[in-house]
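Descriptive structure summary
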Amino acid sequence: MTRTEGVRFRRSATAGPTSTAALILLGLALETAPATAQAPTADFVPVTDAMLQAPADEDWLMWRRTLDGWGYSPLDQIDRGNVADLRLVWTRALNPGSQQGTPLAYRGVLYMPNPGDVIQAIDAATGDLIWEHRRDLPDDLGEHMGGLATTKRTIAIYDRLLLDTTGDDYLMALDAVTGEMVWETQVLDYTVNPALQTAGPIVAGGRVISGRSCRANATPDACVVTAHDARTGRELWRRRTIPGPGEPGDETWGDVPFERRKHVGTWMVPSYDAELDLVYIGTSVTSPAPKFMLGGPELAHLYHNSTLALDADTGEIAWYYQHLNDDWDLDHPFERLLVDTAVAPDPDAVAWINTRLQPGEERLMMTGIHGTTGVVYTLDRETGEFLWANPTVAQNVITHIDGATGDVTENPEVLFSALGQERLACPSWAGGKDWEAGAYSPLTHTMYFPLRNACQRLLSTTEGGSSTYMLAARHQLAPGTDRLGTVRAIAVDTGATRWLHEQRAATMSLVATGGQLLFGGDANGRFRAFDQDTGAVLWEINLGSPVSGYPVTFAVDGRQYVAVGTGTSANASINLRMTPELRPSFGNNLFVFALPG
């Protein structure tokens, strides 16, 4: 398949209605919101920046519902008193492949990203298909991208457009009413600079912000965060996450040639502060991971395993914080929770605290478990100042964080210095914490995370194992436990653990609601509702397959629904090997629940 550079306005195959207004859009650059005078577009209300920053209670307009990454909905029709009556309303099969999708809900329609860049518009109350768009992906995509090329975690909605970062390294926009393609623009040439775009974008001030996981067979120019005009697809800026010669941070790679600096990806979804106009996004490990292969462990190799605060207008780095100089593939790209609160870390509960911090002072915080290590990091999101950090699962890679500077000290006993060395590193590269998202509830002032008690025996090798990381791994339960999965509730101001749920199966993504409930699933197919205050399980159902999708809740005509997808994913396979007696199926399906109507 050959494509031209730049933005293209075109029509693609869909199943569903079309309209004269939609066909006109295919030839326009959409500098302003399109007219919606003719059916079936007449009742579609374009999504604005104001709506994204303060969505209606009944809608779920982005990956974690709000730009602050909370994963929280104020809907409270389903609550602790009636959740036991929750019933399945409808279900629908999803496309085959690695399934980690988040349905968007807007005015009674679910927009569901399926594996392989299949996007469906579904009647949210009945499950009936409105339209389906299937992207024509190149036959050689897997050859360049590897096995995760079909994964899709989220899409974005803006104006009347659905925005998707595609498996073949394009950004495309579909008409939300018809499913017709409006425009597409190439981000990278996947045959030259392959980069996995599995996460999907957000829209921040009319800009489509997206990151990607740059493959080890790409150049450093594949490791970019990009911004595009949401209406036209025109590129506004791109920020490389590996510094080149003469750029700030170049010296942190020592004498490593620029072309050998690889794989510092931004493969999860960013957060955004509209008042500061800053985008917060995390990065991954280098390729290879052991730093003796890249000039030595004394080099920082920026900006790997860091938080980057980017000026949303220019892409310039306003500040950065490095969480770990990583030998073990313990990426740090996960959700950043933006919370304004008094900061008062409990010295009896928190390991590392800023020595200048006055307990109780109000801060604009960025907090959460950003990396596979399972360590909670809390930073000032305006300046990047370190405030406090605390481990939550067994970990042996960090020995100390300096309270005065925030500098992290890695455990020298777990570092690699030569090929053929074996190390027991905790957690495993599948977590600890991984892409499965936590949530924050303003009702309890508590954040909740799905975590795993897992370690890994790693061999530094160029033969077998991962050619990307030069590591071979054997995952195992952490010493002293047979419970792989946990859900941990952590007070956002003090860092103290409020409650801990432990179980045999690995836990998956969470969502918090105004009904004081926490919904989440596990790798054995169980989907549950927890009490936010106590962690008690109030409702449970067996969905048959790993609950690999991100749960959401929405409302149609005053009725609240809860939706979640099941299916296959890389982590589910790793986790199930550690709990071999658990034998779920692997069906990709979307399930929707509600109280009896």
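Residues numbered from 1 in each chain as written. Predicted model: local features only at pLDDT ≥ 70, side-chain atom pairs only at ≥ 80, totals over all residues. Heavy atoms only, no water.

Here the focus is the overall build of the protein chain. Summing up its helical and strand segments, the protein chain has 4 helices and 43 strands in all. Along the first, second and third principal axes, the C-alpha set of the protein chain runs to 65 × 55 × 50 Å. Looking at the protein chain residue by residue over its 597 residues, the buried ones come to 65%. Pairs at least 24 residues apart make up 62% of the contacts formed inside the protein chain by residues separated by at least 6 positions. If you sum the accessible surface of the protein chain, you get close to 19,500 Å²; carbon and sulfur atoms cover 48% of it. Measuring between centres, the 45 positive side-chain charges of the protein chain sit 5 Å from its 72 negative side-chain charges. (Helix = DSSP H or I, 4+ residues; strand = E, 2+ residues; numbered from the N terminus. Buried < 20%, exposed > 50% of the residue type's maximum accessible area, 1.4 Å probe, protein only. Contact = heavy atoms within 4.5 Å. Areas by Shrake-Rupley, 256 points an atom, 1.4 Å probe, with all protein chains shown as cover. Lys, Arg positive; Asp, Glu negative; His and termini not counted. Charge placed at Lys NZ, Arg CZ, Asp CG, Glu CD.)

Our focus in this paragraph is helix α4 (residues 570-578). Of all the residues in α4, the buried ones are N571, A572, I574, N575, L576 and M578. In this fold, the buried residues of α4 make contact with β32 (446-452), β33 (454-460) and β34 (471-477).

The next subject is the nonpolar core. Within the largest apolar cluster, 69 residues are counted, with the highest numbers of intra-cluster contacts made by Y111, I157, L162, L163, V203 and I209. Top contributing element to this core by residue count: strand β11 (residues 170-175), with 4 residues. Excluding residues that lie within four positions of it along the chain, I209 makes contacts with P201, I202, A204, V225, T226, A227, W237, P270 and V279. (Core = buried A, V, L, I, M, F, W, Y, C linked by side-chain atoms within 4.5 Å.)

Moving on: the side chain of H144. Within the secondary structure, H144 sits in helix α3 (residues 141-145). Using a relative accessible area of 16% as the deciding quantity, one classes H144 as buried. In this structure, H144 is in contact with Y190, T191, P194, R215 and N217, ignoring residues within four places of it in sequence.

What follows is about the state of the cysteines. A full pass over the atoms with the stated rule returns 2 disulfides. Between the sulfur atoms of C214 and its disulfide mate C223 the distance is 2.0 Å. Residues C214 and C223 share a disulfide whose torsion about the S-S bond is about 100°; that sign makes it right-handed. What pairs with C426 in a disulfide is C455, and their sulfur atoms sit 2.1 Å apart. Where C426 bonds to C455 through sulfur, the torsion about that S-S bond is close to 105°, and the disulfide is right-handed. (Disulfide = S-S within 2.5 Å.)

Here we come to the side chain of H301. Counting through the fold element by element, H301 comes out in the loop between β20 (278-282) and β21 (306-311). Take H301: its relative accessible area is 0%, and that puts it in the buried class. Side-chain polar atoms of H301 contact the backbone oxygen of L294, separated by 2.7 Å. Among residues more than four places away in sequence, those in contact with H301 are T252, W253, T286, K291, L294, G296, Q322 and N325. (Polar contact = N/O pair within 3.5 Å; in protein donor to acceptor, adjacent residues only side chain to side chain.)

Our focus in this paragraph is the pairing of strand β40 (residues 537-542). Alignment of strand β39 (residues 526-531) against β40, held across 5 bridges, turns out to be antiparallel. Across the sheet, the residue bridging to F527 is I541, located in β40. Between β39 and the antiparallel strand that follows it, β40, lie 5 residues; G535 among them carries a positive phi value of about 85°. (Pairing = 2+ DSSP bridges.)

Going through the model one piece at a time under the given rule, you end up with 30 salt bridges. Of the charged contacts in the structure, one is a salt bridge between R207 and D313, with a shortest N-O distance of 3.6 Å. Taken together, the residues R207 in strand β15 (residues 207-210) and D313 in the loop between β21 and β22 (317-322) connect sequence positions 106 residues apart. The buried category is assigned to R207, whose relative accessible area is 10%. A salt bridge links R356 to E385, with the shortest nitrogen-to-oxygen separation between them at 3.3 Å. Placement of R356 in the loop between β24 (352-353) and β25 (361-367) and of E385 in the loop between β26 (375-380) and β27 (386-391) is noted, with a sequence separation of 29 residues between them. Here the salt bridges do not stand alone but share partners, grouping R356, E361, R363, D380 and E385 into one network. (Salt bridge = Lys/Arg side-chain N within 4 Å of Asp/Glu carboxyl O.)

With respect to topology, 5 strands assemble into an open sheet ordered β23-β25-β26-β27-β24, the strand pairing being antiparallel. Across the chains shown, the open sheet's two edge strands, defined by having one partner strand only, are β23 (337-343) and β24. Bridge count between β24 and β27: 2 bridges; the pairing is antiparallel. In the strand pairing of β27, I353 is matched with W388.

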